[in-house]
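# Examination of the molecular architecture
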Amino acid sequence: MPAFASLRADGLGKSYGQITVLSDVTLDIHAGEVHAIIGENGAGKSTLMKLLSGHASPTAGHIAMDGRAVSFANAVEAEKHGIVLVHQEILLAPDLTVAQNLFLGREIRRGFMVDDRAMDRRAAELLARIGSAARPRDRVSDLPLAQRQLVQIARALLDERKVVIFDEPTAVLANDEVAALLDIVRGLREHGVAVLYISHRLDEVQELADRVTVLRDGRMIGTWPAAELTQRQMAELMVGRELDMLYPHKRPATTHEPLLSVSGLEVDHGAQKASFDVRPGEVLGLGGMIGSGRTELIEGLMGLRPSQAASVVVNGSEIAHRSVGSMMEAGLVYLTEDRKGKGLLLDEKLAPNLTLQALEIVNPGTVLGRGAEMAALRKAVADYDIRVRSLTLEAGKLSGGNQQKLLLAKVMMTDPSVVIIDEPTRGIDIGNKSQIYEFIDAMVRSGRACIVISSEMQELVGLADRILVMRAGRIVAELLGEEINEENVVYAATSGTGQHTGGTA
Amino acid sequence: MTTATATVATADEGRRIRWADLAPFIALGVIVFLGVLINSNFASTANLINVITRSAFIAIIAVGATFVISSGGLDLSVGSMMAFVTGIMIMTMNGLAPAYGGWAIVMGAGVALVVGALCGLFNGLIITVGRIEPFIVTLGTMGIFRAFITFMTDGGSLPIDRSLREAYRPVYFGDFLGVPYPVLITLAVVLLGAFLLYRTKYGRRLTSVGSNAEVARFSGVNVGRVRAAAYVIQGLCVAVAAICYVPRLGAATPTTGQLWELQVITAVVIGGTLLRGGRGRIWGTVAGALILEIIANVMVLSDMVSEYLVGAVQGAIIIIAMLAHRFTGSR
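Quick caveat: nothing in here was measured; it's all calculated off a predicted structure.

Another point: the overall build of chain A. Within chain A, the regular secondary structure consists of 18 helices and 23 strands. Its C-alpha atoms give chain A a radius of gyration of 25 Å, within 12% of the compact-globule value 23 Å for 505 residues. Projected onto its principal axes, the C-alpha coordinates of chain A cover approximately 70 × 50 × 50 Å. Split into buried and exposed, the 505 residues of chain A put 47% on the buried side. Within chain A, contacts between residues at least 6 apart in sequence are counted, and of these 68% link residues at least 24 apart.

Here it is in C-alpha cells:
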C-alpha cells in the first residue's frame, strides 16, 4: 500500500447557514481499493461526494490527494486532479449520438472540423471495454435506461482517472447489467484506480468493497473492513437501531370478500398482465426489481396508461370506464412514486394541493370555500403530523418527508377504501418513515385495504401481510406468512419460475 | 432540523404585501404620473375616458388569454378570430335587418357569441384531442380566420347596414352616468373572469393543469376538458370584444384586429401571469392593457417621440417587465 492515500478527507463538514448537513468525516481511499459509503437517504452520502468531487465546497476540514492538501473551486478543477463523479441521474443530451455525448466539450478535432471518425473509433473501444452493447452512432434517446447509464460511466472513464466516485450506479440496472457494472468496477481497481462506491444495495457492497464507511444523520459512524460485517450488521449500523422495531406488527389473516379484485388486466398492449385482489385489513406488497412493471401495472389499472381488463371490481361494483376520477368515486386511490413530478404542485400552496383531488367533497357548491379548505388543511396537518412553519407555504418548501405526508393526506381526503401507495418512503428520513408505516397500519386496521409497491426489500417484507412478486410485467410468485422474507422476494424477482428471462425491462 | 417545534402554524404570511404582485399596478401608476408631467392634456377627463375606452378591446380579449395562458396554452389566433367574428356578425345583422329591424343587432350579437365559442372550441379540440402544440394550432387558425375575413370582405370593407347604425352606435359611444358602455362591459367581463379563475373549482383545476399537468391528471382532473374550456372562454371574450368594436368603425376589413394577438399576450404577461402557466392575474392583465394604451396615448400627445415608434416602446416594455421579474428574484 502506498505511503499516502489517493484521496483523503480530514474532518470534512458542510453547513448551510445554521443547518449542518455533514460533519467531521475522516476517511481515506487508496489506489486499487473499493471503498463503499453506505447510509440511509439523507445520511449525507450525496453531500460527501459533492464535496469530494468539487461540486460543493466544504465549510470544515480538508481534502488531500497523495499527501498534498487540495481544494476544488468546481467540478472541472476536481476532474483536472483526476477525480470524477459518475452521477446517479442520467446527464446526457438525448438527441446526440453516443459518441457525440462521450466527447461533448472535448471533441477530437482535425483543423477546424470535428473528427467524427476518430471519436467513433475511440468510443467503440471504450464501450467494448465496459461491456456496453451501445454503438457509437446510436442516438442516446433510443437507448434503454441501463445502456444510458453505461454510456455515462464510459464518459467518466474517457480520460485516465485516479479516483472514480460512483453514486448508486446500479439503481436503474437489471441484474445482468449489475454484474457487468461490478466487473467494470473490479477492472478499475485492478488498474490501480481508487474507487468510492455509494450504494443502498448491501449485497453489492459486500461483494465488491474492501472497506465500508457508514454515515448516519450527517455524521460518520465508522469504517470497517467489508469482510468483517454481515449485511444485517451494515443495515443496523445505517439505521442505528434494531431493524425489527421499525415496522408495526403484522395483522391477522382475513377472509373477508376482497375490496378490490382485478382480473385479466393488460397494460401497455400486454407489456404488463396480471390478476390480483386485496382484502380489507390487509397490506398487499407488490415486489420486484426496478423495471419489472409494477408502477406501470397500477397506472394502467387507474386508467393513466393504455390498458384493458376483463373485470375490475371495487367495493362490489364493477368499474366499466377506468379513470382516476371514477376509481376515486368507487373508493380506490393511487399515491404516485413521483412525488415532485406527479404528486404535488410544488409552486402552489398547501391547501390547493391538499384539496385538488377532493374539490367536489370540500366544496359542494360552485364557489370555493376558503374556510373549508383551511379547516381541512389544519386537520390534515394535525392528523398526519405535517411539520410546517406556516399554513400558507408552497408545497415545494416542505421537506421530503412532510411532502409525502401531505400527499398521503391528499389522497385520504376522499375517504377511500383501497389505497395503493407506490414507494411510500422513497427519499425520506427514518422518523417520517416509521410514522408513515404507522399510518398504513392504522388505515388497514380500520378496515381499509392497502397495496404497497416498494423497491426496498426490508420495507416490503416488514409491512406486507402478503406479497406478489413481479418480473418482466408478470406476477411470478405469491408469498404468504412465513414465506415472506427478503431471500424469497429476491429469488422470485430475479429467477421467476415458468417465465422467460424476458430481456432487460 | 424539524425538531424545532415547527408545528405551530399561522395564516399571517398570506396577508403580507407581495411587492412582485403589485408591480403591474405600480408601473401603471408611474406611467400615469409621467403622462401628467409630460402633457397637461393627458389628465383631462375626456382624454382619460377616451384612453380607457380604447383599451377595452385588448382588455376583454386579454381576460380570455389569461385563462388560456394560465392553463399552459397560448392563442395566437385572437386577432384574426376577432375579425372573422366581426365579419360573421355584420353579415348576420345585415341579413336580418330588413325583417327584424333593431332586434337584428341582438340576434347578431348572439350569433357572434356562438361563433366565438365555436372558434375557441375548434382551437381547443385540435390542441387537446389532436395533441398538437398550441403555438402551431393557433398559428394555423390565425391564417385561416384571416383568410376568411379577407374572403368575406372581398379584400375591401364589409360595412354594417345603415338602418342599424344609429341603434348600435351607443354600445361604443354611449355611456351610463358618464362611464362609457365599453368600460362597463370590460368591468363585467373582468369581474366574471376573476370570479371564475379565483373562486370556482374550474379556476382551481385550470391553475393546477397549468402548474403541472401530470399532477392534475394523477389527481383525477380531466386535463383535456379543462384546457379546451379555456379556449372556449377565450373565444367568448373575443366575441364580446367584437360586439363592442363594430359600432366604433361600423365595418369589418381584412386588417381588423391585425397584430392584436401580440398586444393581448403582452398585456397578460406584463400583468404578472406566468407564460408557462400555473399562475393567472386577471387584474394585472387589465393593468397591462391600460399600460399599453396609455403609453401610446402619451406618445401621441407629446412631441418628443414619433408615434410611429409606439410598437417599439410597447415591445421594450414586455422585455423590461420580464427582466425586472428575473432580477427581483420572484417567480
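Text resumes after the structure shown.
Within chain B, the regular secondary structure consists of 15 helices and four strands. At 21 Å, chain B has a C-alpha radius of gyration in line with the 20 Å of a compact globule built from 331 residues. Projecting the C-alpha coordinates of chain B onto the three principal axes gives extents of approximately 80 × 55 × 35 Å. Looking at chain B residue by residue over its 331 residues, the buried ones come to 48%. Restricting the contact set of chain B to residue pairs at least 6 apart, pairs at least 24 apart contribute 78%.

Residues and elements named next belong to chain A. Relative to the elements of secondary structure, Ala493 occurs in helix α18 (residues 486-494). Separated by 201 residues in sequence, Ala493 and Ser292 have C-alpha atoms that sit 8.3 Å apart. Beyond its immediate chain neighbours, meaning those up to four positions away, Ala493 contacts Gly287, Gly288, Met289, Ser292, Val469 and Arg471.

Residues and elements named next belong to chain A. What the domain assignment lists for chain A is domain 1 (7-242), domain 2 (243-331 + 416-505) and domain 3 (344-414). Between the C-alpha centres of domain 2 and domain 3 the distance comes to 26 Å. In this complex, domain 2 contributes ten residues to the contact, which on the side of domain 3 involves eleven residues. Sort the elements by how many residues they give to the side of domain 2 that touches domain 3 and helix α16 (residues 430-445) lands first, with four residues. In terms of residue class, the side of domain 2 that touches domain 3 is built from six nonpolar, three polar and one charged.

Turning our attention to the interface of chain B and chain A. The interface of chain B with chain A comprises 24 residues on the first partner and 30 residues on the second. Elements represented by at least two residues in the side of chain B that touches chain A include exactly α10 (201-211) and α11 (213-218) of chain B. Tallied by class, the residues present in the side of chain B that touches chain A amount to six nonpolar, eleven polar and seven charged.

What follows deals with the pairing of strand β12 (residues 219-225) of chain A. Residue and element names in this part refer to chain A. As judged from the six bridges shared by strand β11 (residues 211-216) and β12, these two strands associate in the antiparallel manner. Bridged to Val212 within β12 is Trp224. What sits between the antiparallel neighbours β11 and β12 is a turn of two residues, in which Asp217 has the positive phi angle 50°.

Moving on: helix α5 (residues 145-156) of chain A. If you check α5 of chain A, its first and last C-alpha atoms are 17 Å apart, about what twelve residues at 1.5 Å a residue would give, namely 16 Å. Taken across its twelve residues, α5 of chain A has ten buried, putting it largely inside the fold.

Here the focus is the packing of helix α4 (residues 78-100) of chain B against helix α12 (residues 223-249) of chain B. All names here are of chain B. For the pair α4 and α12, the least separation of the axes is 9 Å and the interaxial angle reads 55°. As far as their axial angle goes, α12 and α4 are oblique. For the pair α4 and α12, the sense of crossing is right-handed. Residue-level inspection shows Val78, Met81, Met82, Val85, Thr86, Met89 and Ile90 of α4 in contact with α12, the latter providing Gln234, Gly235, Val238, Ala239, Ala241, Ala242, Tyr245 and Val246. Residue classes in the contact of α4 with α12 are distributed as twelve nonpolar, three polar and no charged.

By size, the foremost hydrophobic cluster in this structure holds 169 residues, and its most contacted members are Val452 of chain A together with Ile61, Val85, Ala241 and Ala242 of chain B. Residue contributions to this core peak at 18 residues, all from α12 of chain B. No fewer than three residues from each of domain 2 (243-331 + 416-505) and domain 3 (344-414) of chain A sit in this core. Each residue touching Ile61 of chain B, except ones within four places of it in the same chain, is listed here: Val78, Met82, Cys237, Val238, Ala241, Trp260 and Val264 of chain B. Ranked by size, the runner-up nonpolar core spans 68 residues in total, among them Val84, Leu126, Val151 and Leu181 of chain A.

Here we come to the environment of Ala216 of chain B. All names here are of chain B. Take Ala216: it is sitting in helix α11. Ala216 sits eleven residues away from Arg205 along the chain, and the two C-alpha atoms are 7.5 Å apart. Sequence-distant contacts of Ala216, that is, excluding residues within four places in its chain, are made with Arg205, Ser208, Val209, Val221 and Val223.

Looking now at the environment of Ser46 of chain A. Residue and element names in this part refer to chain A. Position of Ser46 relative to the elements: it lies in helix α1 (residues 45-52). Ser46 gets classed as buried once you count the C-beta atoms within 10 Å, which come to 20. Spatially, the C-alpha atoms of Ser46 and Leu22 are 9.9 Å apart, while their sequence positions differ by 24 residues.

Residue and element names in this part refer to chain A. Of the two faces of strand β19 (residues 332-335), the one carrying Leu332 and Tyr334 and the one carrying Val333 and Leu335 are both buried. Of the strand pairs in this sheet, β19 and strand β20 (residues 418-422) are connected by four bridges, and their pairing is parallel. Across the sheet, the residue bridging to Leu332 is Val418, located in β20.

Within α10 of chain B, nine of the eleven residues are buried, which leaves the element mostly enclosed by the surrounding structure. Residues of α10 of chain B that are buried sit in contact with α12 (350-355) and α13 (359-362) of chain A together with α3 (56-70), α9 (181-199), α11 and α12 of chain B.

Glancing now at unusual backbone geometry. In this model, Asp268 of chain A sits at a positive phi of 50°, which is unusual for a non-glycine residue. As for its placement among the helices and strands, Asp268 of chain A is situated in the loop between β13 (260-267) and β14 (272-278). A residue is classified by how many C-beta atoms lie within 10 Å of it, and Asp268 of chain A, with 16 of them, is partly exposed. A positive phi is found at Asp154 of chain B, a non-glycine position, where the angle reads about 55°. Structurally, Asp154 of chain B can be placed in the loop between α6 (134-152) and β1 (158-159). The exposed category is assigned to Asp154 of chain B, around which 9 C-beta atoms lie within 10 Å.

The subject of this paragraph is the confidence of the model for chain A. The predicted coordinates ought not to be read in detail in places where the model reports low pLDDT. Confidence along chain A averages 87 in pLDDT terms, with 95% of residues attaining 70 or more. For residues 498-505 of chain A, every residue scores under 50 in pLDDT, and the model assigns this stretch 14 contacts once sequence neighbours within four places are set aside.

Considering every residue of chain B, the mean pLDDT works out to 90; 93% of them sit at 70 or more. Low pLDDT, under 50, characterises residues 1-15 of chain B; the stretch is placed with 20 contacts to residues that sit more than four places away or in other chains.

All names here are of chain B. Two elements in contact, helix α14 (residues 282-301) and helix α15 (residues 310-327), have axes whose closest approach is 10 Å; the angle formed by their N-to-C orientations is 145°. Handedness of the α14/α15 crossing: right-handed. Of α15, the residues touching α14 (which contributes Ile291, Leu292, Ile295, Ala296 and Met299) are Val310, Val313, Gln314 and Ile317. Each residue belonging to the contact of α14 with α15 can be placed in one class, and the counts come to eight nonpolar, one polar and no charged.

Calculation rules
Residues numbered from 1 in each chain as written. Chains lettered and ligands numbered in written order. Predicted model: local features only at pLDDT ≥ 70, side-chain atom pairs only at ≥ 80, totals over all residues. Helix = DSSP H or I, 4+ residues; strand = E, 2+ residues; numbered from the N terminus. Rg over C-alpha atoms; globule rule 2.2 N^0.38 Å. Buried ≥ 20, exposed ≤ 12 C-beta atoms within 10 Å, placed from the backbone. Contact = placed C-beta atoms within 7 Å. Domains from an automatic or database assignment. Nonpolar A, V, L, I, M, F, W, Y, C, P; charged D, E, K, R; others polar. Pairing = 2+ DSSP bridges. Expected span 1.5 Å × (residues − 1). Axes fitted to C-alpha atoms, helices over the stretch in contact; angles between N-to-C directions. Parallel < 35°, antiparallel > 145°, perpendicular 65-115°, else oblique. Left-handed = near helix turned anticlockwise from the far one by under 90°. Core = buried A, V, L, I, M, F, W, Y, C linked by C-beta atoms within 7 Å. pLDDT = per-residue confidence, 0-100.

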